Amino acid sequence: MAEKSERPTINVAVVRGAAPSLYDWVLIGAEEEGVPTKLAEAASGDVVDAAYAAAISSRIDIGVAIGADAIVLHERHMPPEKPVLTIPYEGKSEAVCRRAGANAARMVARLPLLFEDAVEDVDEQVRPASERRAAARSAASAPAKTAAASWDGNGGGMPAQGQARAEGSAARTCTNQHAAETARPTAGEAASQLALSEAEIRKIVKIVVAIIKERGTQWR
Amino acid sequence: MKVAGVDIGNSTTEVALAEVGAPGGVPNFLASSRMPTTGIKGTLANVPGVVRALETAVQQAGLALGDIDLVLLNEATPVIGDIAMETITETIITESSMIGHNPNSPGGLGIGVGVTHDISELETAPTDEAIIAVVPKTYDFTRAAQMLAAAIERGVDVTAAIVQGDDGVLIANRLPKKLPIVDEVKLIDQVPLGMLAAVEVADHGQSIQQLSNPYGIATLFKLTPQETTMIIPIAKALIGLRSAVVIRTPAGDVQTRHIPAGSLKLIGERRTVDAPMDSGADAIMDALAQAFPLKDVEGESGTNVGGMVARVRQTMSNMTKKPASEVHIRDVLAVDCLVPQRVSGGLAQEFSMENAVGLAAMVNTDKLLMEQLAEGLHKELGIKVQLGGVEANMAILGTLTTPGLDTPLAILDLGAGSTDAAILEKDRDVRSVHLAGAGDMVTLLIQRELDLPGGNETDVAEQIKRFPLVRVESLFHVRHEDNTVRFFEEPLDPKLFGRVALITPDGLSPIPTHHTLDRIREVRREAKRRVFVRNAMRALSAVAPAGNIREIQFVAVVGGSGLDFEVARMLTDQLAHYGTVIGTANIRGSLGPVNAVATGLVLSHARHQGAV
């Protein structure tokens, strides 16, 4: 149980086999939302058990466990075997961990959680033309020349699809590039080289996922 | 013989199926049904909906369609309504000169004034002038913080920052001094560089003070009184936000443009009154009262309202296949509202609340249409179809099946398209009135005021109208509108966490907006008050003896919107001032406020048959 004197924090455990650097991303996510975190001892090799133990040891009842291929968010009152969220990395471990940190903090703040696939913000459905141009520009400035080409090629006929394609290839390029760059200590630099931030990657991926779901198309 | 009474409404088609025995005998009701109306009320497109409603009813009774001997239609449901809404003001920024928004988490605190510089120019920036750094997404927060900190150490007077990514707090936490930082500015490449700007971030739970005050902006930028009047719309749009940026560009010009809203010409039987739209809904309704009874309405051509009235007329003309010049608007209901509109020229997709007027209009149809419909239905079913009595009389007859009700009686029919009232007194004919605006208008107001997805997706607004709200406070409990708390055994879906949700029959359904529960509730109740309560008062005073509502003792509420969970309560509160008792009808002692007209048609037929 938590000590009375202890500062209230979100407790984060790094399970054996997980990359310790991912803790920084959880911390950044929580920091932007204004909630402190603490690195806790992993009580178990199992990521769900570790998350539950972290939640029990937290004075604000929220625990996170970073696993080898998924991150788990847990809360004290949940049944131990049923975490609040389990999010697999799927090649985007840093973005996933940052979002998990933000979500842990949002649970403390009682704010709605962020979900990758929830395309619910009005301003994402109706994006002004200038922003679309900006997206296309950033796609063009990224090494993905094909992205810009497909945008141009589609410019007249089906602008919406053209944009989707441009964004799709931009997103693809960043994930690839990203994977290649994960060895670097600050992956933010990888993103900056691509003229794209984590948030933007997240957003683009979100849009692409929504499009794939809608059309059932396979992006390769 | 088996008789089916059919009432086609704006949104639902209701059926009452009964066995009518000996002439003058009491009909034995077998089944009732309620299905969505297909097409616009009073047109041939209604036939499929009627057939479906009849099928549902016969199934309930264990019969087949062929067993029905006679179908009764209400006579020329006399009115069809349409609704429209137009904004009458619009904020336009001709040069980008303000960013005012509520990012989830702006960084730092306070107010900073300086000249905008790209972060890459900080290394060479002069140390003798105040500077606001503009940070595109290409700089992640560690790098941006390092560059800002280095510049500050070198003696550059950095007073604030404008950041594209969601990194405001992260950057602020990594700086040697506290700076206001506005983040999530999406169109950062449109922020002009080398311009004087001001950035303000308020503390948690507070809103900005200086930039939402026109004289505050004037002080910061040393504006003349003439220039100060120009920036009033900016200050207005920034009220209540936690963070904002105002940039002074030489050609910068923000203005509230008044769209020529035009005026409505209300042509009454005795006099004609002009009502300018921009004087608001109350002025229009006053003018309407002066022109009553109304013969037609015209909108000033070349203006918004002109377009609106022309659209209503065109829809009706297409439907009734009458020339538009012969379509007459018999009633309008105008409602003021404030709708969020995207500011054209804003940099962070700002919204500004603009004045708008919603208008519900009503057009008389003619009997011919209903006869065509009866003919079409007869062809489809092969069953004899008759036009029954006047709708208001039928509604009263049906309502009288409510236990405990007797004449004299007034009924208030709250439907989807129109609000109707009828009164029955001893030894007098039934008097009735049909007014524009009911449930659909409420849905439109909710949709527009909360900026919910529109068009065919008014679903969310419709649901908000129908169901009470809760706020999901933890994974195990929700708080209701009345502040009571309800706990759950099983944890809720994490997607509901922290959200405002609706209690629907299928469980909790999250509302996809960022509005608070209080705001949604206020908008919902206000919309109902401005449509239902207002129309109820208008309708009752139109039918009351000598126009005096006090003369009415009992009012029974019928119609689909009578099922609403709070309207009856609102009406009770309002009518209490007049000493009038109001209650929701319970047709045939079991159906609640619906099926009044359909039931009345059957009763009237049975009685009529007895007289023959």
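Residues numbered from 1 in each chain as written. Chains lettered and ligands numbered in written order. Predicted model: local features only at pLDDT ≥ 70, side-chain atom pairs only at ≥ 80, totals over all residues. Heavy atoms only, no water.

## Remarks on the overall build of chain B
We count it as follows: Elements are defined by DSSP. Helices are runs of H or I of four residues or more, strands are runs of E of two residues or more, and each kind is numbered from the N terminus. Only protein chains enter the accessibility calculation, which uses a 1.4 Å probe. A residue is then buried if its area is under 20% of the maximum for its type, exposed if over 50%, and partly exposed in between. Any two residues having at least one pair of non-hydrogen atoms within 4.5 Å are treated as being in contact. Methods summary: accessible areas were calculated by the Shrake-Rupley approach with a probe of 1.4 Å, and residue burial reflects only the protein chains presented.
For chain B, the count of helices and strands is 15 helices and 30 strands. Within the span of chain B, comprising 612 residues, buried residues form 56% of the whole. Here the analysis covers contacts within chain B between residues at least 6 apart in sequence; of these, 67% occur between residues at least 24 apart. Surface exposure of chain B reaches about 25,100 Å², of which carbon and sulfur atoms provide 50%.

## Brief notes about the packing of helix H11 (residues 439-449) of chain B against helix H12 (residues 459-466) of chain B
Residue and element names in this part refer to chain B. Convention followed: Lines fitted to C-alpha atoms define the axes here, with helix axes fitted over just the stretch in contact, and angles between the N-to-C directions of these axes take values from 0 to 180 degrees. Here roughly perpendicular refers to angles of 65 to 115 degrees, roughly parallel to angles under 35, roughly antiparallel to angles over 145, and oblique to all remaining angles. We call a crossing left-handed when the near helix sits turned anticlockwise from the far one by less than a right angle, and right-handed when that turn is clockwise. Residue classes follow a fixed rule: Ala, Val, Leu, Ile, Met, Phe, Trp, Tyr, Cys and Pro count as nonpolar, while Asp, Glu, Lys and Arg count as charged, and any other residue, Gly among them, counts as polar.
It is at 8 Å that the axes of H11 and H12 come closest, and there the two elements cross at 110°. Considering their axes alone, H11 and H12 lie roughly perpendicular with respect to each other. The way H11 lies across H12 gives a crossing that is right-handed. On H12, the residues touching Gly439, Asp440, Val442, Thr443, Ile446 and Gln447 of H11 are Ala461, Glu462, Ile464 and Lys465. Counted by class, the contact of H11 with H12 contains 4 nonpolar, 3 polar and 3 charged residues.

## Focus on the sheet that holds strand S29 (residues 554-558) of chain B
All names here are of chain B. Here is the rule we go by: By the convention used here, strands pair only if DSSP detects at least 2 bridges between them.
Taken together, the 5 strands give an open sheet; going across it, the order is S23-S22-S21-S29-S30, and neighbouring strands pair in mixed fashion. Looking along the sheet, the strands with just one partner apiece sit at the ends: strand S23 (431-436) and strand S30 (581-584). Within this sheet the neighbouring strands show an average axis-to-axis angle of 20°, counted without direction. Relative to S23, strand S22 (residues 418-424) runs antiparallel, the two being bridged by 6 bridges. Looking across to S23, one finds that serine 418 is bridged to alanine 436. Seen against the sheet, helix H14 (residues 567-575) touches strand S21 (409-414), S29 and S30 and runs at an angle of roughly 170° to S30.

## Description of the layout of surface pockets
Empty space among the atoms becomes visible once a probe the size of a water molecule is rolled across them. Residues and elements named next belong to chain B. Heads up, the condition is: Residues are said to line a cavity or pocket when one of their atoms sits within 4 Å of a point; the points come from a 1 Å grid over protein atoms alone, cavities being sets where a 1.4 Å probe fits but cannot get out and pockets being open sets with protein on both sides within 12 Å along at least five of seven lines. Grid points are joined across faces, edges and corners, and a volume is the space filled by probe spheres set on the points.
Roughly 620 Å³ of internal volume is contained in the second largest pocket. Along its surface, the second largest pocket is lined by 37 residues, and Arg34, Gly415, Ala416, Gly560 and Ser561 are the ones closest to its centre. Within the residue set of the lining of the second largest pocket, elements represented by two or more residues are strand S1 (2-8), strand S2 (12-19), S22, H11, H12 and helix H15 (596-611). Among the elements that line the lining of the second largest pocket, the one with the most residues is H12, at 3 residues. Looking at the lining of the second largest pocket, its residues break down into 12 nonpolar, 13 polar and 12 charged.

## Considerations on the environment of B:Thr43
Residues and elements named next belong to chain B. Looking at the secondary structure, you find threonine 43 in the loop between strand S3 (28-36) and helix H1 (47-60). A relative accessible area of 12% places threonine 43 in the buried class. In the structure, threonine 43 is positioned 276 residues away from methionine 319 in sequence and 7.1 Å away in space, judged by C-alpha atoms. In this structure threonine 43 touches Met319 and Leu373, once residues within four positions along its chain are discounted.

## Points about the sheet that holds S3(B)
All names here are of chain B. Strands sit in the order S3-S2-S1-S4-S20 across an open sheet of 5 strands; the sheet is mixed. Pairing within the sheet leaves two strands with one partner each, and these edge strands are S3 and strand S20 (384-387). Strand-to-strand twist of the sheet, defined as the mean angle between neighbouring strand axes without regard to direction, takes the value 20°. Here strand S4 (residues 70-73) runs beside S20; their pairing, made up of 4 bridges, is parallel. Residue pairing across strands places leucine 73 opposite leucine 387, the latter belonging to S20. Where helix H9 (residues 367-381) meets the sheet, it contacts S1, S4 and S20, and its direction lies at approximately 165° from that of S20.

## Digging into the pattern of salt bridges
All names here are of chain B. Inclusion rule: Here, a salt bridge means any side-chain nitrogen of Lys or Arg that lies within 4 Å of a carboxyl oxygen of Asp or Glu.
If you walk through the whole model with that rule in mind, you get 23 salt bridges over all chains. With a shortest N-O distance of 3.3 Å, aspartate 296 and arginine 313 are connected by a salt bridge. In this pair, aspartate 296 is assigned in strand S17 (residues 294-299) and arginine 313 in helix H8 (residues 304-320), connecting sequence segments 17 residues apart. For aspartate 296, a relative accessible area of 9% gives the class buried. Classification of arginine 313 by relative accessible area gives buried; the value is 14%. Linking glutamate 566 and arginine 524 is a salt bridge whose minimum nitrogen-to-oxygen distance equals 2.7 Å.

## Topic: the nonpolar core
All names here are of chain B. Let me state the cut-off plainly: The definition of a nonpolar core used throughout is a set of buried Ala, Val, Leu, Ile, Met, Phe, Trp, Tyr and Cys residues joined through side-chain atoms within 4.5 Å. Start and end positions for the domains come from either an automated domain assignment or a database one.
Grouped together as the largest cluster of nonpolar side chains are 80 residues, with contacts concentrated most on Leu264, Leu266, Leu412, Ile464, Leu540 and Leu571. Considering every element that reaches this core, the biggest residue donor is helix H13 (residues 517-543), with 12 residues. In this structure, this core is formed jointly by two domains, domain 1 (83-90 + 258-364) and domain 3 (406-584), each of which donates at least three residues. Among residues more than four places away in sequence, those in contact with leucine 571 are Leu412, Leu414, Phe532, Val533, Ala536, Val557 and Ile582.

## A look at helix H4 (residues 214-221) of chain B
Residues and elements named next belong to chain B. With 6 of 8 residues buried, H4 lies mostly within the body of the structure. Residues of H4 that are buried include every one of Pro214, Gly216, Ile217, Ala218, Leu220 and Phe221, and no others. Tucked inside the fold, the buried residues of H4 contact strand S8 (110-118), strand S12 (196-201), helix H5 (225-230), helix H6 (232-238) and strand S13 (243-248). Of the residues flanking the end of H4, it is lysine 222, one or two places downstream, whose phi is positive at about 50°.

## Concerning the confidence of the model for chain A
Residue and element names in this part refer to chain A. Let me state the cut-off plainly: Values of pLDDT, ranging from 0 to 100, describe the predictor's confidence in every residue of the model.
Of all residues in chain A, 54% attain a pLDDT of 70 or more, and the chain-wide mean is 68. Least confident of the elements in chain A is helix H6 (residues 145-154), whose mean pLDDT is 33; most confident is strand S3 (residues 62-66), at 95. Overall, residues 118-192 carries pLDDT values under 50, and its contacts beyond four positions in sequence, including any with other chains, amount to 93 contacts.

## Some points on the side chain of B:Glu425
Residues and elements named next belong to chain B. Keep this limit in mind: Polar contact is the term for a pair of N or O atoms within 3.5 Å; when the atoms are in protein, one must be able to donate a hydrogen and the other to accept it, and sequence-neighboring residues count only if both atoms are side-chain atoms.
Locating glutamate 425 in the fold gives a position in the loop between S22 and S23. Of the polar contacts made by the side chain of glutamate 425, one reaches the side chain of arginine 431; its length is 2.7 Å. Filtering out sequence-adjacent residues up to four positions away, glutamate 425 remains in contact with Pro408, Arg431 and Pro545.

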